[in-house]
Amino acid sequence: MLKPRAAIVALDAYQSPIADRADLNENTAGCSDRVLARLRALNKSDVAMYPDRTAGERAVADYLGVPHDSVLLTNGIDDGLLLLSAAYLGEGDEMLLADPTFVMYPIYGRATGAQVVRITPAEDLAFPVGEVLARIAPRTRLITIANPNNPTGTVVPQEALLHVVKAAPDAAVLVDEAYFEFGGETLLPQLPSHPNLFVARTFSKAYGLAGLRLGVLAGAPEQIECLRRFCSPFNVNAVALACLKDALADQEFVRDCVAQIKQGRARLIAMCEELGLRVWPSYANFVLVRVGQRHREFVDVMARRGFAIRDVSANPGCAGCVRITVGTRSQVDNLLLAMRAAVEQIRS
Ligand code: PMP
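Please read these numbers as outputs of a predicted model, since none were measured by experiment.

1. Some remarks on the overall build of the chain
Right, so step 1: Each helix and strand counted, the chain has 13 helices and 11 strands in total.
Right, so step 2: Compactness check: the chain gives a C-alpha radius of gyration of 20 Å against a globular reference of 20 Å for 348 residues, within 12% of the reference.
Right, so step 3: Here the C-alpha coordinates of the chain stretch approximately 60 × 50 × 50 Å along the principal axes.
Right, so step 4: When each of the 348 residues of the chain is scored for burial, the buried share is 44%.
Right, so step 5: Restricting to contacts in the chain with at least 6 residues of sequence separation, those with at least 24 account for 73%.

2. Here we look at the site of the ligand
Right, so step 1: Surrounding the ligand, one finds 13 residues, the nearest of these being Gly76, Ile77, Asn150, Thr202 and Ser204.
Right, so step 2: Counting residues per element, the shell around the ligand draws most heavily on helix α5 (residues 76-88), at 3 residues.
Right, so step 3: Across the shell around the ligand, the residue classes tally to 5 nonpolar, 6 polar and 2 charged.

3. Some details on the pairing of strand β11 (residues 321-325)
Right, so step 1: Counting buried positions along β11 gives 5 out of 5 residues, so the element sits mostly inside the fold.
Right, so step 2: Residue alternation in β11 divides its side chains into two sets, Cys321, Arg323 and Thr325 and Val322 and Ile324, and both sets are buried.
Right, so step 3: Pairing between strand β10 (residues 310-311) and β11: 2 bridges, direction antiparallel. Across the sheet, aspartate 311 pairs through a bridge with valine 322, a residue of β11.

4. Brief notes about the pairing of strand β6 (residues 197-202)
Right, so step 1: Counted residue by residue, β6 has 6 buried out of 6 residues, so it is predominantly covered.
Right, so step 2: Every second residue of β6 is oriented toward a common face, with Leu197, Val199 and Arg201 on one face and Phe198, Ala200 and Thr202 on the other, all of them buried.
Right, so step 3: Relative to β6, strand β5 (residues 172-176) is paired through 4 bridges, and the arrangement is parallel. Bridge pairing in β6 places aspartate 176 opposite alanine 200.
Right, so step 4: Bridging between β6 and strand β7 (residues 215-219) involves 5 bridges; their strand directions are antiparallel. Counted as the bridge partner of alanine 200 is leucine 217 from β7.

5. What to know about the nonpolar core
Right, so step 1: Ranked by size, the top nonpolar core spans 99 residues in total, and within it Val173, Phe198, Val289 and Val322 carry the most contacts.
Right, so step 2: Shared between two domains, this core holds at least three residues of each, these being domain 1 (6-26 + 252-347) and domain 2 (33-249).
Right, so step 3: With residues near it in sequence (within four places) discarded, valine 173 still touches Ile143, Val164, Val165, Ala168, Asn196, Leu197 and Phe198.

6. Description of the domain arrangement of the chain
Buried accessible area, meaning the area lost when the parts come together, often serves as the stated size of an interface.
Right, so step 1: We note that the domain assignment places domain 1 (6-26 + 252-347) and domain 2 (33-249) within the chain.
Right, so step 2: Centre-to-centre separation of domain 1 and domain 2, based on C-alpha positions: 24 Å.
Right, so step 3: The interface of domain 1 with domain 2 comprises 25 residues on the first partner and 26 residues on the second.
Right, so step 4: Among the elements of the structure, α1 (6-9), α11 (251-274) and β9 (286-290) are those that each provide at least two residues to the side of domain 1 that touches domain 2.
Right, so step 5: Tallying contributions element by element places α11 first for the side of domain 1 that touches domain 2, with 5 residues.

7. Some thoughts on the sheet that holds strand β3 (residues 115-119)
Right, so step 1: The mixed open sheet is built from 7 strands, whose spatial order is β1-β7-β6-β5-β4-β2-β3. The outermost strands of the open sheet, each flanked by one partner alone, are β1 (71-74) and β3. Direction aside, the axes of adjacent strands within the sheet are offset by 20 degrees on average.
Right, so step 2: With 5 bridges joining them, strand β2 (residues 94-98) and β3 adopt parallel strand pairing.

8. A look at the packing of helix α12 (residues 295-304) against helix α13 (residues 329-347)
Right, so step 1: Between α12 and α13, the least distance of the axes is 9 Å, while the angle of their chain directions is 140 degrees. On the basis of the axis angle, α12 is oblique to α13. Helix-helix and strand crossings are classified by hand; for α12 and α13 the assignment is right-handed. Across the interface between the two elements, Glu297, Phe298, Val301 and Met302 of α12 pack against Ala338, Ala342, Gln345 and Ile346 of α13.
Right, so step 2: By residue class, the composition of the contact of α12 with α13 is 6 nonpolar, 1 polar and 1 charged.

9. So, the packing of α11 against α13
Packed helices, taken two at a time, are described by the angle between their axes plus the distance between the axes.
Right, so step 1: In contact at an axis separation of 10 Å, α11 and α13 are set at 10 degrees when each is read in the N-to-C sense. Our classification of the angle between α11 and α13 gives roughly parallel. Crossing geometry of α11 relative to α13 is assigned as right-handed. Here Gln260, Gly264, Arg267, Leu268 and Met271 of α11 come into contact with α13, specifically with Arg329, Val332, Leu336 and Met339.
Right, so step 2: Tallied by class, residues from the contact of α11 with α13 come to 5 nonpolar, 2 polar and 2 charged.

Quick notes on the rules
- Residues numbered from 1 in each chain as written.
- Predicted model: local features only at pLDDT ≥ 70, side-chain atom pairs only at ≥ 80, totals over all residues.
- Helix = DSSP H or I, 4+ residues; strand = E, 2+ residues; numbered from the N terminus.
- Rg over C-alpha atoms; globule rule 2.2 N^0.38 Å.
- Buried ≥ 20, exposed ≤ 12 C-beta atoms within 10 Å, placed from the backbone.
- Contact = placed C-beta atoms within 7 Å.
- Near = placed C-beta within 6 Å.
- Nonpolar A, V, L, I, M, F, W, Y, C, P; charged D, E, K, R; others polar.
- Pairing = 2+ DSSP bridges.
- Core = buried A, V, L, I, M, F, W, Y, C linked by C-beta atoms within 7 Å.
- Domains from an automatic or database assignment.
- Axes fitted to C-alpha atoms, helices over the stretch in contact; angles between N-to-C directions.
- Parallel < 35°, antiparallel > 145°, perpendicular 65-115°, else oblique.
- Left-handed = near helix turned anticlockwise from the far one by under 90°.

And the structure:
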């Protein structure tokens, strides 16, 4: 009888958060009108032909200010994570991460048969740079750091990131900048000095293109060239590639969305503080809030009031916490009203 490898059988089934109407940190304002116009103008042969990433990779590299050969376009950052895991991890290797962080990292790591070393968070959920440095071992082959982090929304100081990159020259260090546009700093300028550093970006968040699946992996040209050897040549679809230049060209759309989200984020944080809820500073398009023991009821009340929010209580260090995506101005108006009511209800 056909059996997948033990490492795959041991994985838990992926629970689609969409079925629970949970939140996914998308851009609730949608995408740029320019991208929509491009989609509407596609013709038959645009979709009949296999896609070619080359022009798109040049456009992204130019936009990011990095050499053309240091960029690989991926089917979302998720695809880049799979590639990194497959390239650097195998049986007997270790992947290192600090919890709580993006839930897909350990899944991709475990699927390779590698051991995932997870650092338990402190109460404040700050990135434990000292512990990460202490856990780097000869077997450490991949270190994944989301910056800004998901689900906390917090950032790691650049010096701490560079410390890790320098301390693990034989490991690939991924700095996942999925939420960069919402206020994070970037490590892209450091790429030429660190051959083991990778930076990931996505069009799923600020650009509002999560459904198109378009991600970017930037790294040392010799490493990117190796990843290309086994990456599907058609991993990024033709529709996404056709929209890429328009998405990059409409920076006004991105700026407007980001400005609106930052305002909403500040209002959401201020209200949480006013209500006496523990809330973390956020540099992303979501906020982590500790609502307490009655977190499930809170999520239910919010759902009944039309807001699907993510219960992240099961994540290490996040007991009683929910993660809330910041939407448009009017969505935030309604969200704040719903939250006040939900907090009142769980406190009654
Ligand atoms: N990295 C982080 C930190 C994320 O939060 C997410 C999406 N939730 C991803 C990567 C995946 O992004 P993409 O849509 O580009 O696959």
